[in-house]
Amino acid sequence: MRDLGSPGGGLGLGGFWRDTVNLRPSPPGRQAAPSECARPGSSRPPGGACRTPAMHRARGLCRAGVAAALGGSRALSALPGAGSAAAGAGLGPEAEADPELLRASSPELARRLRGLALVRGGFVSEAEAAELLREVEPGLRRGRYQSDHWDRAISGYRETERGLRGGAGRALLLRVTPAFPPRRPPRPSAHVLDLLPGGCVGPHVDSVKFCGCTIAGVSLLSPSVLRLQSLRDPRDRLELLLEPGSLYVLRGAARYEFTHEILPDEQSFFGGLRVPRGRRVALIFRNDPPW
Ligand code: OGA
Ligand code: MN
């Protein structure tokens, strides 16, 4: 058993990732407001959106995290509205996370990130999940699993970025859109990330050059844990349990001032709950930077 505060609680590989990740903490006093796309840091033009899946984490800030266990079936069918258009309602900055899927290292942190780090179980139904997988598998199969990305922010993965043209994909895009500011909608293409059971995404902040203020991810197949860690104070951590079919949203401070990561199997705990990792496919939606 472990808790968020225990030494070695998933940070054993921290040095590895930190050495290779380009962290760019936001300057004090320039926090992004949750409902808009202002971002901390430079005002250089970005030179384009995330044109390849790797670009968003290749050069910019890189770091964040959360997790999921429970086998996935509980939330999928149990929640009202799962798999329906209603499941997309209430995803703005006023929205509440499912409390049982989120653990904060302190009540203050939970308050600070309220509405900014969001997790919802049962966002897509099992039938939708199967349909989405059918849509994205052919694109994924064109790539090979890679054991170590050159920037070492990720391992045991393959990925693609593509427009979702099937019915389930288009419906999902519509359903995650309320999580984005009205004038900063998600790009129509999704980043599809396929992680092997032994794969993980190391702590990073998505590039501010290529990605906007909001990140929304739908997890399929295996549960996992997403962990957020403050760039300013590493004791400030949040864990999100990402069940299959769940949605998470990161924006504002949760997107810019915390790293995020998908924990590797041996560190995959949500508090004391072991969250065994299998193959996990994530559909990640992002918007463009604000210029
Ligand atoms: C990423 C990332 C998280 C996920 O690819 O930048 O943070 O949900 N992925 O897989
Ligand atoms: Mn990321």
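The present account deals with the structure reproduced in this document.

Here is what the cut-offs are and how they apply
- Residues numbered from 1 in each chain as written.
- Chains lettered and ligands numbered in written order.
- Predicted model: local features only at pLDDT ≥ 70, side-chain atom pairs only at ≥ 80, totals over all residues.
- Heavy atoms only, no water.
- Donors = N, O, S within 2.8 Å, 3.2 Å for Na, K, Ca; no water.
- Buried < 20%, exposed > 50% of the residue type's maximum accessible area, 1.4 Å probe, protein only.
- Helix = DSSP H or I, 4+ residues; strand = E, 2+ residues; numbered from the N terminus.
- Pairing = 2+ DSSP bridges.
- Polar contact = N/O pair within 3.5 Å; in protein donor to acceptor, adjacent residues only side chain to side chain.
- Phe/Tyr/Trp six-rings, centres within 6.5 Å; stacked < 30°, edge-to-face > 60°.
- Lys NZ or Arg CZ within 6 Å of the ring centre and 35° of its normal.
- Expected span 1.5 Å × (residues − 1).
- Bend = angle between axes of the 7 residues up to and from the residue.
- Contact = heavy atoms within 4.5 Å.
- Core = buried A, V, L, I, M, F, W, Y, C linked by side-chain atoms within 4.5 Å.
- Arc of directions from axis to C-beta.
- Axes fitted to C-alpha atoms, helices over the stretch in contact; angles between N-to-C directions.
- Parallel < 35°, antiparallel > 145°, perpendicular 65-115°, else oblique.
- Left-handed = near helix turned anticlockwise from the far one by under 90°.
- Nonpolar A, V, L, I, M, F, W, Y, C, P; charged D, E, K, R; others polar.

Regarding the coordination of the manganese ion (ligand 2)
- Distances from the manganese ion (ligand 2) to its protein donors, H204 (NE2), D206 (OD) and H260 (NE2), fall at 2.0 to 2.1 Å.
- Mapping the donors of the manganese ion (ligand 2) onto the primary sequence gives the spacing H-x1-D-x53-H. Comparing H204 with D206 shows no difference in burial state: the two are buried.

Quick notes on the pairing of strand β4 (residues 154-163)
- Taking burial as the measure, the 10 residues of β4 include eight buried ones, the bulk of the element.
- Relative to strand β5 (residues 189-204), β4 runs antiparallel, the two being bridged by nine bridges. Bridging across to β5, Y157 finds its partner in L195.

Regarding the side chain of H204
- Residue placement: H204 occurs in strand β5.
- Classification of H204 by relative accessible area gives buried; the value is 2%.
- At 2.8 Å, the side chain of H204 and the side chain of H260 are in polar contact.

Some details on the packing of aromatic side chains
- In total, this model carries zero aromatic pairs according to the counting rule given.
- In this arrangement the basic side chain of R103 is found over the ring face of F270, its NZ or CZ atom lying 6.0 Å from the centre.
- The ring of F269 carries R274 above its face, with NZ or CZ at 5.7 Å from the centroid.

Brief notes about helix α5 (residues 126-141)
- Compared with the 22 Å implied by 1.5 Å per residue over 16 residues, the 22 Å span of α5 between its first and last C-alpha is a close match.
- E135 marks where α5 bends most, by close to 30 degrees; the proline P138 follows one to four residues later.
- Among the residues of α5, those classed as buried are E128, A129, L132, L133, E135, V136, E137, G139 and L140.
- The inward-facing, buried residues of α5 abut β4, α6 (167-176), β5, β6 (214-221) and β13 (280-286).

With respect to the nonpolar core
- Counting 57 residues, the largest nonpolar core has L113, L172, L220 and L283 as the members making the most contacts within it.
- Not counting residues within four places of it along the chain, the set of residues in contact with L172 comprises F123, V124, L132, V218, L283 and F285.

Regarding α6
- Turning to α6, its buried residues number three or more, namely A168, G169, L172, R175 and V176. End-on, the buried residues of α6 take up no more than an arc of 125 degrees, which puts them together on one face. Exposed residues lying more than 90 degrees from the buried face of α6 are R170 and L174.
- Looking at the buried positions of α6, the neighbouring elements they touch are α5, β6, β9 (247-251) and β13.

Some details on the packing of α5 against α6
- Relative orientation of the contacting elements α5 and α6 amounts to 115 degrees, with a least axis distance of 8 Å. By the criterion of interaxial angle, the relationship of α5 to α6 is roughly perpendicular. Considering the relative orientation of α5 and α6, their crossing is left-handed. Of the residues in α6, those in contact with E128, E131, L132 and E135 of α5 are G167, A168, G169, L172 and R175.
- Of the residues contributing to the contact of α5 with α6, the split by class is three nonpolar, two polar and four charged.

Observations concerning the pairing of strand β8 (residues 237-242)
- Within β8, six of the six residues are buried, leaving the element largely enclosed by the surrounding structure.
- Here three bridges tie strand β2 (residues 102-104) to β8, and the two strands are oriented antiparallel to one another. Bridge assignment links L102 to a residue of β8, and that residue is L240.
- Here strand β7 (residues 224-230) runs beside β8; their pairing, made up of two bridges, is antiparallel. Within β8, the residue paired with S224 across the bridge is L242.
- Between the end of β7 and the start of β8, which pair antiparallel, lie six residues.

Some thoughts on unusual backbone geometry
- One non-glycine residue, L221, lies in positive phi territory at about 75 degrees.
- Inspection of the secondary structure puts L221 in strand β6.
- Taking relative accessible area as the criterion, L221 reaches 41% and is therefore assigned partly exposed.

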